[in-house]
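Fold and contact review
Okay, here's what each chain looks like letter by letter:
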Amino acid sequence: MYEARIKIDLNIDDNELFLQEFNSVNYQKGLKEFMHKAARVEFSKEEALLFELLCDIKKDLSMIIDVKNNNFIKLSTTTMSVQLDYEQIKIQDEVKIDNNYYLRLYLNDIVICIFAKAISTNVLKITKIKRYDAEVLDRFVADVQRSIISNKAKQ
C-alpha cells in the first residue's frame, strides 16, 4: 500500500439508500453510449483531440454537478486514509472487522462511492466499485506511485 491522505466519509452498510446514491453518483451512461457510437466514426487527429477534450469536459461537469448539488446521504463517520492501493484502503479510525461499509472518497474534487469490507480494524477491502470510478481511483494510485518513485529518484 502507498501512503496517501484523502478524506473519507463512511457508514456501516445498513441502508438501501446507499445503493441508490452509489448508482447515481458519477453516472456516465449517456456519455459512454455517445462515445461508443462515436468510436465507429473516423476522425482526423485534430477532430479526435477535440472530441476527447469535449468528453473530458462533460465528465468534469457531471462530477461538479454531483458535488455541487450535495445530494449525499449523511454518513456517520468522517476519517482520513493512511495508505491505499488498487484494492484496499487503510484508514486512521477503527472499524469493526467483517462489517460491510459504504464509503465516499474525495479525490481531487471527484467523489467516488464504493462498498468495502473491513478485513482488519483499520483496513477496508473494496468489494464494489463502478468501472469509471475504478479508473479514477487507479489513476490516483498510479499518480501516488509515480510521486513516490520521483521522490526516491531525487534522493
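Residues numbered from 1 in each chain as written. Predicted model: local features only at pLDDT ≥ 70, side-chain atom pairs only at ≥ 80, totals over all residues. Heavy atoms only, no water.

Residues at a pLDDT of 70 or more form 88% of the protein chain, whose mean pLDDT is 86. When mean pLDDT is taken per element in the protein chain, strand β7 (residues 123–128) scores highest with 97 and helix α2 (residues 29–38) scores lowest with 66. (pLDDT = per-residue confidence, 0-100. Helix = DSSP H or I, 4+ residues; strand = E, 2+ residues; numbered from the N terminus.)

Attention now moves to a nonpolar patch on the surface. On the surface, L50, L54, I57, L61 and I64 cluster together to form a nonpolar patch covering roughly 490 Å² of accessible area. Examined against the element boundaries, L54 turns out to sit in helix α3 (residues 45–69). (Patch = residues over 30% accessible without salt bridge, like charges linked within 9 Å, V, L, I, M, F, W, Y side chains within 5 Å. Areas by Shrake-Rupley, 256 points an atom, 1.4 Å probe, with all protein chains shown as cover. Salt bridge = Lys/Arg side-chain N within 4 Å of Asp/Glu carboxyl O.)

All told, the structure shown has 4 aromatic pairs when counted by the stated rule. Seen from their ring centres, F22 and F115 are 5.2 Å apart, and the 55 degrees between their planes marks the pair as tilted. Of this pair, F22 sits in helix α1 (residues 17–24) while F115 sits in strand β6 (residues 110–118), placing them 93 residues apart in sequence. The class of F22 is buried, set by a relative accessible area of 2%. (Phe/Tyr/Trp six-rings, centres within 6.5 Å; stacked < 30°, edge-to-face > 60°. Buried < 20%, exposed > 50% of the residue type's maximum accessible area, 1.4 Å probe, protein only.)

Right, let's get into the pattern of salt bridges. Here the structure, examined in full by the defined rule, presents 6 salt bridges. E87 is the salt-bridge partner of K125, the closest N and O atoms lying 3.4 Å from each other. A residue pair is termed long-range when its members are at least 10 positions apart, and K125 in strand β7 and E87 in the loop between β3 (77–84) and β4 (88–91) qualify at 38 residues. The partner of D143 in a salt bridge is R146, and the shortest N-O contact between them spans 2.7 Å. Of this pair, D143 and R146 both sit in helix α4 (residues 131–154), separated by 3 residues, roughly a single helical turn. The class of R146 is exposed, set by a relative accessible area of 52%. Beyond isolated ion pairs, a larger network of salt bridges with shared partners links D9, E21 and R104.

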